[in-house]
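# Chain and residue survey
Chain residues, written in single-letter form:
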Amino acid sequence: RFQQCGSIDDIDESIQLCREAVSLCPMGYSDRDAHNNLAFSLVRRFGRRGKSHDLDDTISLHEEALHLCPVGRGSYDISLNNRGSALLTRFNERGDVDDINRVISFCCEALVLRPPGHPRRDTTFAILSLALNTRYDELHVSEDFNE
């Protein structure tokens, strides 16, 4: 509904419901999808309101989702991409070099899990390319020009 009407109240309600869904997971069990849904709602609200804590919470949730999925199994590569995208957004907001370096690291790890022919390999390349270009433009890291 938010995409059709653009009401921030819809995002706030989505965040509230997603937080409730995460909290309802039994002790010792968490739902990666619930974490990602909450993270996506928070990043949408960040895009509208620009409050940095929403972006920080988004990154934390993507990190938790990453830890909920075993390395190389299921949606681990998706969680790497999601976290990388959120860190790239934060780098663009704050300019923390650690964030852009982590984006590049996560994308390289995701590419190992997305060999040639993988249906989402292009998404990882797009994020990696953007991160390398951004790091080159902002920090003049010469090896990024050759990647």
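It should be noted that the structure appears before, not after, this text.
Procedures and definitions
Residues numbered from 1 in each chain as written. Predicted model: local features only at pLDDT ≥ 70, side-chain atom pairs only at ≥ 80, totals over all residues. Heavy atoms only, no water. Helix = DSSP H or I, 4+ residues; strand = E, 2+ residues; numbered from the N terminus. Buried < 20%, exposed > 50% of the residue type's maximum accessible area, 1.4 Å probe, protein only. Core = buried A, V, L, I, M, F, W, Y, C linked by side-chain atoms within 4.5 Å. Contact = heavy atoms within 4.5 Å. Salt bridge = Lys/Arg side-chain N within 4 Å of Asp/Glu carboxyl O. Expected span 1.5 Å × (residues − 1).

### Focus on the environment of His53
By the element assignment, His53 lies in helix α4 (residues 52–68). By relative accessible area, His53 is classed as partly exposed at 42%. Considered as a pair, His53 and Val43 are ten residues apart in the sequence and their alpha carbons are 9.9 Å apart.

### Re the nonpolar core
Counting residues in hydrophobic clusters, the biggest one holds 22 residues, and the most contacted among them are Leu80, Val103, Leu128 and Ala131. Contributing elements (two or more residues each) for this core: α4, α5 (76–94), α6 (97–113) and α7 (121–139). With seven residues, the top contributor of residues to this core is α6. With residues near it in sequence (within four places) discarded, Ala131 still touches Leu88, Ile100, Val103 and Ile104. Ile11, Ile15, Leu38 and Ala39 belong to the second-largest nonpolar core, a separate cluster that totals seven residues.

### Side note on the pattern of salt bridges
In a structure, side chains of opposite charge can pair up when their charged atoms sit close to one another. All chains considered together, the criterion is met by twelve salt bridges. Here Arg83 makes a salt bridge to Glu63, at a shortest N to O gap of 3.0 Å. A residue pair is termed long-range when its members are at least 10 positions apart, and Arg83 in helix α5 and Glu63 in helix α4 qualify at 20 residues. Looking at Arg83, the relative accessible area reads 6%, which means it is buried. Note on Glu63: relative accessible area 31%, which makes it partly exposed. Of the charged contacts, one joins Arg102 and Asp99 as a salt bridge, the two residues approaching to 3.9 Å between their closest N and O atoms.

### Notes on the side chain of Asn36
By the element assignment, Asn36 lies in helix α3 (residues 32–49). With residues near it in sequence (within four places) discarded, Asn36 still touches His62, Ala65, Ser79 and Asn82.

### A few points about α3
With 18 residues, α3 extends 25 Å between its outermost C-alpha atoms, agreeing within 8% with the 26 Å of an ideal straight helix rising 1.5 Å per residue. When we look at burial in α3, the residues that qualify are Arg32, Ala34, His35, Asn36, Leu38, Ala39, Ser41, Leu42, Arg45 and Phe46. In the core, the buried residues of α3 are packed alongside α2 (8–23), α4 and α5. Of the residues trailing α3, Gly50 is marked for its positive phi of about 70 degrees.

### Remarks on unusual backbone geometry
Phi at His140 takes a positive value of approximately 55 degrees, unusual for a residue other than glycine. Relative to the elements of secondary structure, His140 occurs in the loop between α7 and α8 (142–146). In this structure His140 comes out as exposed when scored by relative accessible area, which is 60%.

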